[in-house]
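Spelled out, the chains give:
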Number of protein chains: 2
Amino acid sequence: METEFIKQKLAEKGMKITPQRMAILEAIYELNNHPTAENIIEFIRKTYPNVAIGTVYKVLETLVENGLIKKVTTDRDFMRYDGVLDNHHHLYCSTCDLIEDYHDAELDELLKKYFEAKNIPGFKIEEFVLQIKGTFNKC
Amino acid sequence: METEFIKQKLAEKGMKITPQRMAILEAIYELNNHPTAENIIEFIRKTYPNVAIGTVYKVLETLVENGLIKKVTTDRDFMRYDGVLDNHHHLYCSTCDLIEDYHDAELDELLKKYFEAKNIPGFKIEEFVLQIKGTFNKC
DNA sequence: TTTTTAAATAAGAATAATTCTCTTTTAAGA
DNA sequence: TCTTAAAAGAGAATTATTCTTATTTAAAAA
């Protein structure tokens, strides 16, 4: 992956560019499987064997705060992170921890229209994520 | 809440009826706010001051396994539990930890029809939950 | 009703993910 | 090149949750 692309992402948000931040953001893009902090640490240690665990957590927090990545909701006790920012939904495997992205502009439009017509009293909608739970044939 | 109602829920699943299990299940129904284990412990200690924390976690696990409650997905690092089992969606507050239920049969029907027509290759759908993120006027 | 026993609970130690503290290092503007 | 605020490293601390073991109990059997 282009180093410049990663640098630009950080620069756009006015973040200081460090090798650790670049490696972590790149890991999330490369892994592209809603990795945990542990997955990310394992990945970047191939290149940066000495990166501190605390640093990874701190960088992840900073990336979330700056809107470069998002936390993924799960019913497990470890956090997962998503580098895909455009509107999309998630397929959750019932038999393993796999979470895949599901992009569907038609569905987005359907939901948007539905909630334009039907508003929820006392609540202002910011975004939808449809969690689709089931099983992958491959699992 | 009716003691008999709670007892019946446990009995239906062939679970041994104990005061702790009854108190915990009742707490989830009474609180009705997707409580954490800590919320539940606080609630039941009014009645059972000596209930062990480990017991609460064990009972919650057993209730989930037996399908009497569900885990609620969040992007926080503590688990929340839901005693409402029929199909519904969740309103997540962006500014606090409030999660409210959103029941909408019309939406359920819309989604069901949509995914009957459009199947997802390699994936067998079991259920949908729409996460609606935004802000409550009251928050 | 009493006995029996597998299952459940209490208590607290152990674990694992995450956060914090403090010292050293470094990115980037002056 | 110098300066300095911010970031990283190291490892201790914290917190939610799980595990272990002895004790108690629900509920089936006698």
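Residues numbered from 1 in each chain as written. Chains lettered and ligands numbered in written order. Predicted model: local features only at pLDDT ≥ 70, side-chain atom pairs only at ≥ 80, totals over all residues. Heavy atoms only, no water.

### Topic: helix H3 (residues 37-45) of chain B
Residues and elements named next belong to chain B.
Step number 1: Of the residues making up H3, those classed as buried are Ala37, Ile40, Ile41 and Ile44. Angularly, the buried residues of H3 cover 100 degrees about the axis, an arc narrow enough to put them on a single face. Exposed residues lying more than 90 degrees from the buried face of H3 are Glu38 and Glu42.
Step number 2: Structurally, H3 contributes buried residues whose contacts are with helix H2 (19-31), helix H4 (53-65) and strand E2 (80-82). (Buried < 20%, exposed > 50% of the residue type's maximum accessible area, 1.4 Å probe, protein only. Helix = DSSP H or I, 4+ residues; strand = E, 2+ residues; numbered from the N terminus. Arc of directions from axis to C-beta. Contact = heavy atoms within 4.5 Å.)

### Some thoughts on the packing of helix H1 (residues 3-12) of chain B against H2(B)
Residues and elements named next belong to chain B.
Step number 1: Two elements in contact, H1 and H2, have axes separated by 10 Å at closest approach and are oriented at 110 degrees. By the angle between their directions, the pair H1 and H2 is classed as roughly perpendicular. Residue-level inspection shows Thr3, Phe5, Ile6, Lys7, Lys9 and Leu10 of H1 in contact with H2, the latter providing Arg21, Met22, Leu25, Glu26 and Tyr29.
Step number 2: Each residue belonging to the contact of H1 with H2 can be placed in one class, and the counts come to six nonpolar, one polar and four charged. (Axes fitted to C-alpha atoms, helices over the stretch in contact; angles between N-to-C directions. Parallel < 35°, antiparallel > 145°, perpendicular 65-115°, else oblique. Nonpolar A, V, L, I, M, F, W, Y, C, P; charged D, E, K, R; others polar.)

### Details of the interface of chain A and chain B
Step number 1: Of the residues lining the interface, 36 residues belong to chain A; the matching set on chain B comes to 36 residues.
Step number 2: Counting the surface lost from both chain A and chain B, the interface buries some 3,500 Å², and carbon and sulfur atoms represent 61% of this.
Step number 3: Contact with chain B buries surface across chain A, with A:Tyr114, A:Phe123 and A:Lys133 losing the most and accounting together for 17% of the total.
Step number 4: In this structure, the connection of chain A to chain B is made through four salt bridges.
Step number 5: Linking B:Lys118 and A:Asp104 is a salt bridge whose minimum nitrogen-to-oxygen distance equals 3.3 Å. (Buried area = accessible area lost by both parts, 1.4 Å probe. Salt bridge = Lys/Arg side-chain N within 4 Å of Asp/Glu carboxyl O.)

### Some thoughts on the domain arrangement of chain A
Residue and element names in this part refer to chain A.
Step number 1: Taken domain by domain, chain A comprises domain 1 (3-82) and domain 2 (89-134).
Step number 2: Once you take the C-alpha centre of each, domain 1 and domain 2 turn out to be 25 Å apart.
Step number 3: Every contact between the two is made by nine residues of domain 1 and, on the other side, eight residues of domain 2.
Step number 4: Taking both sides of the interface into account, the surface hidden between domain 1 and domain 2 amounts to around 670 Å²; carbon and sulfur atoms contribute 35%.
Step number 5: Broken down residue by residue, the surface that domain 1 buries against domain 2 is led by His34, Thr73 and Arg80, which jointly contribute 49%. (Domains from an automatic or database assignment.)

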